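Okay, here's what each chain looks like letter by letter:
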Amino acid sequence: MEKRVVFHGKLLPFLLLAPQLLVTLIFFYLPAGQAVWQSFLVQDAFGLSTEFVWFENYQILFSKADYYRTMLTTAIFSSLVAFFSLSIALLFAVQADKHIKFATGYKTLLIWPYAVAPAIAGVLWLFMFQPSLGLVSQSIRAAGFEWNPLLNQNHAMALVVMAATWKQISYNFLFFLAGLQAIPKSVIEAAAIDGATPMRRFWTIIFPLLSPTTFFLLVVNIVYVFFDTFGIIDAATQGGPAKGTETLVYKVFSDGKSGGDLGGSAAQSVVLMVIVIALTAIQFRYVERKVQY
Amino acid sequence: MSDVRLEGVRKVYAGGVEAVKGVSLDIADGQFCVLVGPSGCGKSTLLRMVAGLETISGGTCAIDGRVVNEIEPAERDIAMVFQNYALYPHMSVYDNMAYGLRNRGTPKDEIDARVKEAARILEVEPFLQRKPKALSGGQRQRVAMGRAIVRKPKVFLFDEPLSNLDAKLRIQMRVEIKKLQRALKTTSIYVTHDQLEAMTLADQLVVMNKGQVEQAGAPLELYEKPQTVFVAGFIGAPPMNLVTVPESGLPGLTLPERPPGPVVLGVRPEHLHEDGASPFGLAIEIVVTAVEAVGAETYLYGALNGDGPELIVRVAGRATHVPGQRLTATAAPDQLHFFNPQTGKRIG
Ligand SMILES: Nc1ncnc2c1ncn2[C@@H]1O[C@H](COP(=O)(O)OP(=O)(O)OP(=O)(O)O)[C@@H](O)[C@H]1O
Ligand SMILES: [Mg+2]
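Let me sum up the structure you'll find in this document. Given the structure is predicted, the values throughout are model-derived calculations rather than measurements.

Some thoughts on the overall build of chain B
Item 1. Along chain B, the regular secondary structure elements total 8 helices and 19 strands.
Item 2. Across its three principal axes, chain B shows a C-alpha extent of roughly 75 × 45 × 35 Å.
Item 3. The 348 residues of chain B split such that 52% are buried.
Item 4. Contacts spanning at least 24 positions in sequence make up 64% of the contacts within chain B whose residues lie at least 6 apart.
Item 5. Of the roughly 15,400 Å² that chain B leaves accessible, carbon and sulfur atoms contribute 52%.
Item 6. Put simply, chain B has 39 plus and 39 minus side-chain charges, and the middle of one group is 7 Å from the middle of the other.

Encoded structure:
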């Protein structure tokens, strides 16, 4: 006897799937296909003729030093953001988990940054850290530190890292809090009786038990930094000064739009796509295996 | 030497709930003390206060002569076995058992020796490298016990450790826990709401109700001389028959010798006999309403005089009784218990 509910006919399942499939098709596969196609083309300066050139765009891309520089910038940017947003969110979650009574208010406040659009977050931080007028810059300068994210690359990097981190903490916080609350209280109590100090308890019990959450968030955060920080960078630094904060996704945009190199920037987006697909694949493999205990 | 002494221990939770209302207990060194009582009576709370997992709102708790009210769980030198075992899911069985010793900086070879010893005693040697999720409920239970015994603590605390096991395994583990405790001679406090478990394990049985100790003593002492109506009804299965008898008596109930005034009369089903020839202390006439045969014995449920309170009579072996049948049951005078209906306290 078949226990499941069985729908006869093929129409209903297709109809139910159609909206999702349509959205995926129109907003993902179509542009992705277009990008792949364009990455094989070269357009002349006036956009009058296009030529099919196979992998020439990729060859050019990987032969340029500035592409590797952008990769390095992206790597630095994403590791910093992932590290800070994960560790700060974990710290907050641990605190919220302890005093769960006030957690509702605490949580609500912590969620807000997530609701702010990236570009607005970028502008917000830009204003606060604007060299001459920014509130924070003024106090930094008052403390005797020469702060200028418009001229100094490290300062600019710090600025976008802060803005991107600030926005991502909420998301990570929610997942960490849920993860912490899923750890049975008696396990922590057993560890306390077993003579583990709170610090040791955290590193030997809580942190390992959170590792599936942490790993999931790590991948999500890297993907976030790769793509969703575009708005922040565009609003705060526009990739500058001197391309000091130009990430891969920002370079796609600036090469394509300002540089007019459509083929080259299409090749870049294909590279990005491959990176994200690889990351996701790794995540699926790991989540199913290793990090599980 | 490691006795546990509780004096007027109270617990008031943050919401104002008074879960434990002044409990005083003396648990001698090496004694197996069982806390039993209905759900919500404060057993776990009391145990957790001894463990240091809950703060003590009033009174003192002393382990080995030292007041531990303000001392961290780790420093109390106790080990606890939880109902859900609380094993560390990401660690192997070996590491689960070694964790407490490592935290205390025990030398590596000693840890190894102790873990292997505990694993041998509890027969979990084949699983030492496995993770808890790859073990059956009974095996997890053993590992949890192993984690407790490797540390050689002063006191073992158990919070319903067998309630997640099936009936057969529960009996087997019960016997093993008793044997183990006898061998190690470690003072133990064991919480359960299974009264059979309580009776068989305890040196000292503590019946709790509504945050208070109703009676503490040897299991058979509680069975033979319950000090309150609550204990009388709680200890023993099926429970003791309790009938409120007014001064004027009840129809169908003959009671030659009784304290003056209204009383609650208690008589156990197993002390009622049907062969009422000799001059017994109590004679009751009941009309059988239901017959429950469990094999070795049969329980007859009946109403006193056909319309009075319900009573249970135990008959050894098979019974031929049928519902609607009238019967007279008697009990010896020394098998009768009398309680004050107002205070619930034993009379005499
Ligand atoms: N953290 C808490 N905050 C407030 N009240 C609590 C808390 N924990 C327990 N209580 C209350 O204290 C009382 C005693 O609870 P406890 O867990 O000690 O009962 P128990 O005897 O162990 O019951 P069970 O047999 O069901 O485990 C209950 O009324 C319970 O609702
Ligand atoms: Mg309990």
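That shown, we press on.
A few points about the overall build of chain A
Item 1. Helix and strand content of chain A: 12 helices and 2 strands.
Item 2. Secondary structure elements of chain A, listed N to C terminal, follow the sequence α-β-β-α-α-α-α-α-α-α-α-α-α-α.
Item 3. Going through the 293 residues of chain A one by one, you find that 41% of them count as buried.
Item 4. Partitioning the intrachain contacts of chain A with sequence separation of at least 6 by distance along the chain shows that 67% fall at a separation of at least 24.
Item 5. Split by element, the accessible area of chain A, about 16,900 Å² in all, is 71% carbon and sulfur.

Describing the packing of aromatic side chains
Item 1. Inspection of the entire model under this criterion finds 14 aromatic pairs over all chains.
Item 2. Here tyrosine 171 of chain A and phenylalanine 175 of chain A contribute two aromatic rings whose centre-to-centre distance is 5.0 Å and whose plane-to-plane angle is 40°, an arrangement assigned as tilted. Taken together, the positions of tyrosine 171 of chain A and phenylalanine 175 of chain A, both in helix H7 (residues 153–181) and 4 residues apart, correspond to about one turn of that helix.
Item 3. Phenylalanine 175 of chain A sits in the partly exposed class, given a relative accessible area of 32%.
Item 4. Considering the side-chain rings of phenylalanine 202 of chain A and tryptophan 203 of chain A, the 4.9 Å spacing of their centres and the 85° angle between planes classify their relative orientation as edge-to-face.
Item 5. Geometry around tyrosine 88 of chain B places arginine 147 of chain B over its ring, the cationic atom sitting 4.6 Å from the centre.
Item 6. Above the plane of the ring of phenylalanine 32 of chain B lies lysine 178 of chain B, whose end atom (NZ or CZ) is 5.7 Å from the centre.

Comments concerning the site of ligand 1
Residue and element names in this part refer to chain B.
Item 1. Taken together, Tyr13, Ala19, Ser39, Gly40, Cys41, Gly42, Lys43, Ser44, Thr45, Glu160 and His193 are the residues near ligand 1.
Item 2. Note that an oxygen atom of ligand 1 is positioned 2.7 Å from one of the side-chain N or O atoms of lysine 43.
Item 3. Within the side chain of threonine 45, a nitrogen or oxygen atom sits 2.4 Å from an oxygen atom of ligand 1.

Examining helix H3 (residues 108–121) of chain B
Every α-helical turn comprises 3.6 residues, leaving residues that sit three or four positions apart pointing alike.
All names here are of chain B.
Item 1. Taking 1.5 Å per residue, 14 residues should reach 20 Å; H3 reaches 20 Å between its end C-alpha atoms and fits that length.
Item 2. Among all positions of H3, only Ile111, Arg114, Val115, Ala118 and Ala119 are buried. The arc that holds every buried residue of H3, seen down its axis, measures 135°, which confines them to one face.
Item 3. Taken together, the buried residues of H3 touch helix H2 (93–103) and helix H4 (137–150).

Points about the packing of helix H5 (residues 118–129) of chain A against H7 of chain A
Residues and elements named next belong to chain A.
Item 1. Contact pair H5 / H7: the axes reach a minimum separation of 9 Å and the direction vectors enclose 130°. With respect to H7, the axis of H5 lies oblique. Remark: the crossing between H5 and H7 carries right-handed chirality. Across the interface between the two elements, Pro118, Ala121, Leu124, Trp125, Leu126 and Phe129 from H5 touch Leu159, Met162, Ala163, Trp166 and Lys167 from H7.

Here's the deal with the pairing of strand E15 (residues 297–304) of chain B
Residue and element names in this part refer to chain B.
Item 1. Here E15 lies mainly inside the structure; 8 of its 8 residues are buried.
Item 2. In terms of strand pairing, strand E14 (residues 282–293) meets E15 through 7 bridges, oriented antiparallel. Residue pairing in the sheet places alanine 290 in a bridge with tyrosine 301 of E15.
Item 3. The antiparallel pairing of E14 with E15 creates a hairpin that spans 3 residues between the two strands, and glycine 295 there sits at a positive phi of about 110°.
Item 4. If you look at the hairpin formed by E15 and strand E16 (residues 310–316), you'll find 5 residues sitting between the two strands, and asparagine 305 has a positive phi there, around 55°.

Digging into the side chain of glutamine 181 of chain B
All names here are of chain B.
Item 1. With respect to the element layout, glutamine 181 can be found in helix H5 (residues 167–184).
Item 2. Taking relative accessible area as the criterion, glutamine 181 reaches 2% and is therefore assigned buried.
Item 3. Here arginine 182 takes part through its side chain, which lies 3.2 Å from a polar atom of the side chain of glutamine 181.

A short note on the environment of aspartate 66 of chain A
Residues and elements named next belong to chain A.
Item 1. When you line up the elements, aspartate 66 lands in helix H3 (residues 65–98).
Item 2. Using a relative accessible area of 31% as the deciding quantity, one classes aspartate 66 as partly exposed.
Item 3. Separated by 177 residues in sequence, aspartate 66 and lysine 243 have C-alpha atoms that sit 9.3 Å apart.

Concerning the state of the cysteines
Residue and element names in this part refer to chain B.
Item 1. Summed over all chains, the structure comprises 0 disulfides over all chains.
Item 2. Lacking any disulfide linkage, cysteine 41 is separated from the closest cysteine sulfur, that of cysteine 33, by 13 Å.
Item 3. Under the relative-accessibility criterion, cysteine 41 is labelled buried at 2%.
Item 4. Sulfur of cysteine 61: no disulfide; nearest cysteine sulfur belongs to cysteine 33 and is 12 Å away.
Item 5. With a relative accessible area of 1%, cysteine 61 lands in the buried category.

A short note on the interface of chain B and chain A
Much of the literature gives interface size as the accessible area that the parts lose upon coming together.
Item 1. With 25 residues of chain B at the interface, the matching set in chain A holds 19 residues.
Item 2. Summing both partners gives a buried area of about 1,800 Å² for chain B against chain A, and 59% of it is carried by carbon and sulfur.
Item 3. Linking chain B to chain A there are 2 salt bridges.
Item 4. Remark: the boundary between chain B and chain A carries 12 residue pairs in polar contact (both at pLDDT 80 or more).
Item 5. With 4 residues, the single largest contributor to the side of chain B that touches chain A is H2 of chain B.
Item 6. Grouping the constituent residues of the side of chain B that touches chain A by class yields 15 nonpolar, 4 polar and 6 charged.

Criteria and cut-off values
Residues numbered from 1 in each chain as written. Chains lettered and ligands numbered in written order. Predicted model: local features only at pLDDT ≥ 70, side-chain atom pairs only at ≥ 80, totals over all residues. Heavy atoms only, no water. Helix = DSSP H or I, 4+ residues; strand = E, 2+ residues; numbered from the N terminus. Buried < 20%, exposed > 50% of the residue type's maximum accessible area, 1.4 Å probe, protein only. Contact = heavy atoms within 4.5 Å. Areas by Shrake-Rupley, 256 points an atom, 1.4 Å probe, with all protein chains shown as cover. Lys, Arg positive; Asp, Glu negative; His and termini not counted. Charge placed at Lys NZ, Arg CZ, Asp CG, Glu CD. Phe/Tyr/Trp six-rings, centres within 6.5 Å; stacked < 30°, edge-to-face > 60°. Lys NZ or Arg CZ within 6 Å of the ring centre and 35° of its normal. Near = heavy atom within 4 Å. Polar contact = N/O pair within 3.5 Å; in protein donor to acceptor, adjacent residues only side chain to side chain. Expected span 1.5 Å × (residues − 1). Arc of directions from axis to C-beta. Axes fitted to C-alpha atoms, helices over the stretch in contact; angles between N-to-C directions. Parallel < 35°, antiparallel > 145°, perpendicular 65-115°, else oblique. Left-handed = near helix turned anticlockwise from the far one by under 90°. Pairing = 2+ DSSP bridges. Disulfide = S-S within 2.5 Å. Buried area = accessible area lost by both parts, 1.4 Å probe. Salt bridge = Lys/Arg side-chain N within 4 Å of Asp/Glu carboxyl O. Nonpolar A, V, L, I, M, F, W, Y, C, P; charged D, E, K, R; others polar.

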